[in-house]
Amino acid sequence: MAVVFEKPADLLGKEGTQLPPTEWLLVDQDRVNGFADVTGDHQWIHVDVERAKDGPFGGTIVHGYLTMSLVNYFLPQLIEVRGFAHAVNVGADRLRFLSPVKVGSRIRGVGEVVSVEEVKGAIQSVVRVTVEIEGQEKPACVLDTISRYFPE
């Protein structure tokens, strides 16, 4: 369940706030194939199930950028900011791919509010999202997301 902030200013001083884990998400071959179709990245290690069985991971692996893009799926499960006129995704920092995700694995996000500041009449937050792989100690990736909330 997402940690709720009733208005953007409520984020101020909340650095270090831990955001509890999301629900697990199964990353299946259909999702990987769809991502390959959208991005044009049809490398065999992602989409050729038979060939990948003899590859370095014993099967297909999820595109790193698909794993990264699922951070956007996890964010609303981690944090909910209310009471703003509009918000924008400013970008991301410090992306690191730490462990491959085998197709058929379940992943989830956990988060932490890293920084909050006033910027150009808005409240900007950096939330570090770690994508965990079920049953593995090492996460798939870590990414700092940057969001800017413009108060009502």
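Here, every reference points to the structure presented above.
Reading guide: rules and limits
Residues numbered from 1 in each chain as written. Predicted model: local features only at pLDDT ≥ 70, side-chain atom pairs only at ≥ 80, totals over all residues. Heavy atoms only, no water. Phe/Tyr/Trp six-rings, centres within 6.5 Å; stacked < 30°, edge-to-face > 60°. Helix = DSSP H or I, 4+ residues; strand = E, 2+ residues; numbered from the N terminus. Buried < 20%, exposed > 50% of the residue type's maximum accessible area, 1.4 Å probe, protein only. Salt bridge = Lys/Arg side-chain N within 4 Å of Asp/Glu carboxyl O.

Some details on the packing of aromatic side chains
Taken as a whole, this structure holds three aromatic pairs when the rule is applied. With 5.7 Å between their ring centres and 85° between their planes, Y65 and F97 make a pair best called edge-to-face. Taken together, the positions of Y65 in helix 4 (residues 64–69) and F97 in strand 5 (residues 84–97) put the pair 32 residues apart, joining distant regions of the chain. In this structure Y65 comes out as exposed when scored by relative accessible area, which is 54%. Residue class for F97 comes out partly exposed when judged on its relative accessible area of 42%.

Some thoughts on the pattern of salt bridges
Scanning the model with the defined rule gives eight salt bridges in all. Note that D10 and K7 form a salt bridge whose closest N and O atoms lie 2.9 Å from each other. Residue classification places D10 among the partly exposed residues on the basis of a relative accessible area of 26%. With a relative accessible area of 43%, K7 lands in the partly exposed category.

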